[in-house]
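# Residue-level structure breakdown
One letter stands for each residue in the lines below.
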Amino acid sequence: MDSLKPRRRRAATMLALAASLAFAATAVDARPGGGGGMGSRGSRTYSPPAATTTSPGATGPMQRSQTQPSPGFNNPGMQAPSQGRRFGGGFFAGLLGAGLLGALLGGGLFGGLGGIASFLGLLLQIGLLVGLVMLALRFFRRRQGEPAMANAGYARSNLGGPNPNGPGQPNAGYGSGGGAAAAPSRPIQIGPSDYEAFEQSLNAIQAAYGQEDVAALRNLATPEMVGYFEEELRANAARGVVNRISDVKLLQGDLSEAWSEGTAEYATVAMRFSLRDITLDRRSGQVLENGPTEAKEFWTFVRERGGRWQLSAIQQGR
């Protein structure tokens, strides 16, 4: 029996390592939207927002949306809403369960071998675990996208700054998004009161998410976006953690696109903002992870003509 103790200790160490790596893969993307692309932008859902001075690089893909793409459109990063994909299913779960169960019982994947063979078996088990964790990381990256961070110093906000092509048009020199053909739409004017509403929404949504205030989120975002936020909050609760967001400050921002479709009006703005983003143990309050201190994202807002703006999509900027 005593000979089983070292193997059990090794198995416990491997379990702890795998759990910590898996947690790290998700905790850094804990803010609203999870660092990925989600929501709807009407007929432009699968066309990247026009680049701006704030975010001149490529835009992260739209990975989750209730808006169906046009026929023939292919978005490899898109997660089909009806797939119900879960982490660690099928072949992955079978391999992980067999290897760890064998290790806990003392046999491992290469039970019965001794000496050098036993040591090599242990190395192979560790290598298998690391490989599986890397597969898990890729799965989450495909699903959520890479978080975009910027390290530039503070700059005065220019949300709603001058656009040489006029409000609602792509900024010159950066091009416009491609993708699926847009339905008939027309540009709209965005004024100072709209920009003020966008900045207020940035602060209010981050605060409500950090306080897990779903009722407040329902007043600030579309039902689709609230559904995604609720999924993330339930996942945090299941893991026994809570994400706290505070000290949100808009550093720079400008208009990407503004248009109308029927009675609905849309506006997409690029925003670079600083924040304090930490993940805590739900019971003890211990800090488990410090998230990025700065982010760059495209937020799309929608309203019925003359109504109140609500968040309808988040995508990562570069």
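For the protein, the name recorded in an unreviewed UniProt entry is Tim44-like domain-containing protein, with Methylobacterium organophilum as its organism.

### So, the packing of aromatic side chains
Applying the stated rule across the entire model yields 6 aromatic pairs. An angle of 10 degrees between the planes, with centres 5.1 Å apart, marks the rings of tryptophan 259 and tyrosine 266 as stacked. For the pair tryptophan 259 and tyrosine 266, one class covers both residues: buried. Grouping aromatic residues by their ring pairs yields a cluster made of Tyr195, Phe198, Trp299, Phe301 and Trp309. The ring of tryptophan 259 has arginine 44 sitting right over it, with the charged end atom 4.2 Å from the ring centre.

### Notes on the side chain of threonine 222
As for its position among the elements, threonine 222 is in the loop between helix H5 (214-220) and helix H6 (223-239). Not counting residues up to four positions away in its chain, the partners in contact with threonine 222 are Val302, Gln310, Leu311 and Ser312.

### Regarding unusual backbone geometry
The phi dihedral of glutamate 212 is positive, around 55 degrees, even though this residue is not glycine. Its location among the elements puts glutamate 212 in the loop between helix H4 (192-210) and H5. Phi is positive for aspartate 247, which is not a glycine, with a value near 55 degrees. Residue position: aspartate 247 is located in strand S3 (residues 241-261). Looking at aspartate 247, the relative accessible area reads 59%, which means it is exposed.

### Some words on the pairing of S3
In terms of burial, S3 is a largely internal element, 17 of the 21 residues being buried. In this sheet, S3 lies alongside strand S2 (residues 186-187) in antiparallel orientation, the contact comprising 2 bridges. Across the sheet, proline 187 pairs through a bridge with tryptophan 259, a residue of S3. Linking two consecutive strands that pair antiparallel, namely S3 and strand S4 (residues 264-281), is a turn of 2 residues; a positive phi of about 65 degrees is found at glycine 262 within it.

### Here's the deal with the nonpolar core
By size, the foremost hydrophobic cluster in this structure holds 34 residues, and its most contacted members are Ile190, Phe198, Met225, Phe229, Trp299 and Leu311. Of all elements in the fold, only H4, H5, H6, S3, S4, strand S6 (294-304) and strand S7 (310-316) reach the threshold of two or more residues within this core. By residue number, the principal contributor to this core is H4, which donates 6 residues.

### Structural notes on the pairing of S6
Taken residue by residue, a regular strand's side chains alternate between the two faces of the sheet. Within S6, 10 of the 11 residues are buried, which leaves the element mostly enclosed by the surrounding structure. Pairing between S4 and S6: 11 bridges, direction antiparallel. Within the sheet, the bridge partner assigned to tyrosine 266 lies in S6 and is valine 302. As paired elements, S6 and S7 share 6 bridges and run antiparallel to each other. Bridging from a neighbouring strand, threonine 300 pairs with alanine 313 of S7. Counted between consecutive antiparallel strands, the loop separating S6 from S7 contains 5 residues, among which glycine 306 sits at a positive phi close to 85 degrees.

### Overview of the pattern of salt bridges
According to the stated counting rule, one finds 10 salt bridges in the structure shown. Between arginine 44 and glutamate 257 there is a salt bridge, with the nearest N and O atoms lying 3.7 Å from each other. Taken together, the residues arginine 44 in the loop between strand S1 (38-39) and helix H2 (91-105) and glutamate 257 in strand S3 connect sequence positions 213 residues apart. With relative accessibility at 19%, the residue arginine 44 sits in the buried group. Of the residues examined, glutamate 257 reaches a relative accessible area of 6% and is grouped as buried. Between glutamate 232 and arginine 64 there is a salt bridge, with the nearest N and O atoms lying 3.7 Å from each other.

### Structural notes on the confidence of the model for the protein
Should pLDDT be low for a region, the predicted coordinates there are not to be read in detail. Model confidence for the protein is summarised by a mean pLDDT of 73, while 56% of its residues fall at 70 or above. In the model of the protein, H2 stands out as the element of lowest mean pLDDT, 37, in contrast to H5, which has the highest, 98. Low pLDDT, under 50, characterises residues 15-28; the stretch is placed with 18 contacts to residues that sit more than four places away or in other chains. Low confidence marks residues 107-113, where pLDDT is under 50. Its contacts with residues over four positions away, or in another chain, come to 13 contacts.

Criteria and thresholds
- Residues numbered from 1 in each chain as written.
- Predicted model: local features only at pLDDT ≥ 70, side-chain atom pairs only at ≥ 80, totals over all residues.
- Heavy atoms only, no water.
- Phe/Tyr/Trp six-rings, centres within 6.5 Å; stacked < 30°, edge-to-face > 60°.
- Buried < 20%, exposed > 50% of the residue type's maximum accessible area, 1.4 Å probe, protein only.
- Lys NZ or Arg CZ within 6 Å of the ring centre and 35° of its normal.
- Helix = DSSP H or I, 4+ residues; strand = E, 2+ residues; numbered from the N terminus.
- Contact = heavy atoms within 4.5 Å.
- Pairing = 2+ DSSP bridges.
- Core = buried A, V, L, I, M, F, W, Y, C linked by side-chain atoms within 4.5 Å.
- Salt bridge = Lys/Arg side-chain N within 4 Å of Asp/Glu carboxyl O.
- pLDDT = per-residue confidence, 0-100.

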